[in-house]
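Survey of secondary and tertiary structure
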Amino acid sequence: MSVTLESIRRLNIFSTPEHWAAIPLRLIVGYGFMEHGYAKIVHGPANFVGILHAIGVPVPALMAWATILVELVGGLAVLAGAFVPLVAVPMAAVLLVATFTVHLPNGFSSIKLLAVTAAGARFGQPGYETDLLYLACLAALVLGGSGPLAIDDVIRKAKERGKS
């Protein structure tokens, strides 16, 4: 297989700069969700079940595992740019539940500096700012597309080739 100018164009590598805007969004949202899901696994899913029970979430064991799966699988899908409009729905649901059950009473700001001691800075509970940022990033990816180097882009191009 030889590399030609046409094959490079088909990869969409030299598309407009705006087209590349999805890449940092995919990286931070995908990694961020996966990191949160992984942390729940590492700290023991039973601990997360207990937290959900304490805040009144119905069927906390089921919801804990559903959340962990959404965070891990959804995060990986966003990172790869795969099925983003589909996975964005349960990811947004997780964010909205977190916003209204945990973060809303803490106000907007995600950083609450309580004190600076010899041991370092001490922070309070985060507000809903970060949840809104994640929701905005998901909305941007759904509305603007997953960008280059995304599985969604490969699927779209394959469908276009099939129609012609």
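Report follows, based on the coordinates. Since the structure is predicted, the reported quantities are computational estimates derived from the model, not experimental observations.

What counts and what doesn't
- Along each chain, the written sequence defines residue order, and numbers are assigned to residues from 1.
- Totals for whole chains, interfaces and linings use all residues, but because this is a predicted model, local features are given only for residues with pLDDT of at least 70 and pairs of side-chain atoms are given and counted only at 80 or more.
- Note: side-chain values were computed over all heavy atoms of the structure, leaving out hydrogens and water.
- Numbering of helices and strands runs from the N terminus; a helix is a DSSP stretch of H or I covering at least four residues, while a strand is a stretch of E covering at least two.
- Only the C-alpha atoms count toward the radius of gyration. The rule for a globule is 2.2 Å times the residue count to the power 0.38.
- Whether two residues touch is decided by their heavy atoms; if any such pair falls within 4.5 Å, the residues are in contact.
- Counting rule for charge: Lys and Arg are taken as positive, Asp and Glu as negative, and neither His nor the chain ends is counted.
- For charged residues, the charge sits on one atom: NZ in Lys, CZ in Arg, CG in Asp, CD in Glu.
- Patches here are clusters of residues that have more than 30% relative accessible area and form no salt bridge, with a 9 Å joining cutoff for like charges and a 5 Å cutoff for nonpolar side chains (Val, Leu, Ile, Met, Phe, Trp, Tyr).
- A 1.4 Å probe and the Shrake-Rupley method give the accessible areas. Residues count as covered only by the protein chains that appear here.
- Salt bridges are identified by distance alone: a Lys or Arg side-chain nitrogen within 4 Å of an Asp or Glu carboxyl oxygen.
- Exposed residues in this analysis have more than 50% of their type's maximum accessible area, buried residues have under 20%, and partly exposed residues fall in between, with area computed by a 1.4 Å probe over protein chains only.
- Here a polar contact means two N or O atoms within 3.5 Å. Within protein one must be a hydrogen donor candidate and the other an acceptor candidate, and residues neighboring in sequence count only if both atoms are side-chain atoms.
- Take the buried Ala, Val, Leu, Ile, Met, Phe, Trp, Tyr and Cys residues and link them wherever side-chain atoms come within 4.5 Å; each set so joined is a nonpolar core.
- The pairing test for Phe, Tyr and Trp rings, Trp by its six-membered ring, is centres within 6.5 Å, and the orientation test on the planes gives stacked under 30 degrees, edge-to-face over 60, and tilted for anything in between.

Remarks on the overall build of the chain
- Regarding its fold elements, the chain presents 7 helices and 2 strands.
- Along the chain direction, N to C, the helices and strands of the chain fall in the order α-α-α-α-α-β-β-α-α.
- For 164 residues, the compact-globule estimate of 2.2 N^0.38 gives 15 Å, and the chain exceeds it by more than 25% at 19 Å.
- Taken along the three principal axes of its C-alpha coordinates, the chain extends 60 × 40 × 25 Å.
- If you take every contact in the chain between residues at least 6 apart in sequence, the share linking residues at least 24 apart comes to 62%.
- Of the charged side chains in the chain, 11 are positive and 9 negative, and the gap between their average positions amounts to 4 Å.

With respect to a nonpolar patch on the surface
- Together, Ile-111, Leu-113, Val-116 and Phe-123 make up an exposed nonpolar region whose accessible area comes to about 450 Å².
- Take Phe-123: it is sitting in strand S2 (residues 120-123).

Comments concerning the side chain of Thr-99
- Turning to its location among the elements, Thr-99 is positioned in helix H5 (residues 84-103).
- For Thr-99, a relative accessible area of 5% translates into the label buried.
- Looking at Thr-99, its side chain comes within polar contact range of the side chain of Asp-131, at 3.0 Å.
- Setting aside anything within four residues of it in sequence, one finds Thr-99 in contact with Leu-104, Tyr-128 and Asp-131.

Here we look at the pattern of salt bridges
- Using the criterion set out here, one finds 4 salt bridges in the structure.
- For Glu-71, the salt bridge identified is with Lys-40, shortest N-O distance 3.1 Å. On the criterion of sequence distance, the pair formed by Glu-71 in helix H4 (residues 60-80) and Lys-40 in helix H2 (residues 22-42) is long-range, its members being 31 residues apart.
- Here Arg-156 ties to Glu-160 by a salt bridge, and the two come within 2.8 Å at their closest N and O atoms. Of this pair, Arg-156 and Glu-160 are both found in helix H7 (residues 151-163), 4 residues apart, which corresponds to roughly one turn of the helix.
- On the accessibility criterion, Glu-160 (45% relative accessible area) is partly exposed.
- Among the ionic contacts, a cluster of salt bridges with common partners joins Asp-153, Arg-156, Lys-157 and Glu-160.

Topic: the nonpolar core
- In terms of nonpolar packing, the biggest core is built from 18 residues, with Val-29, Phe-33, Val-78, Met-91, Leu-95 and Leu-138 touching the most fellow members.
- Broken down by secondary-structure element, the contributors of at least two residues to this core are H2, H4, H5 and helix H6 (129-144).
- The greatest single-element share of this core, amounting to 7 residues, is contributed by H5.
- Not counting the four nearest positions on each side in its chain, Phe-33 is found in contact with Glu-71, Gly-75, Met-91, Leu-95 and Tyr-134.

Some words on the packing of aromatic side chains
- Scanning all chains against the criterion turns up 2 aromatic pairs.
- With centroids separated by 5.4 Å and ring planes inclined at 85 degrees, the aromatic side chains of Phe-33 and Tyr-134 adopt a geometry described as edge-to-face. Of this pair, Phe-33 sits in helix H2 while Tyr-134 sits in helix H6, and the two are 101 residues apart along the sequence.
- Look at Phe-33 and you get buried, because its relative accessible area is 4%.
- Among the residues examined, Tyr-134 registers a relative accessible area of 14% and is labelled buried.
- Arranged with centres 5.5 Å apart and planes meeting at 80 degrees, the rings of Phe-108 and Tyr-128 form a pair that is edge-to-face.

Don't take any of this as a statement about function, it's just geometry.
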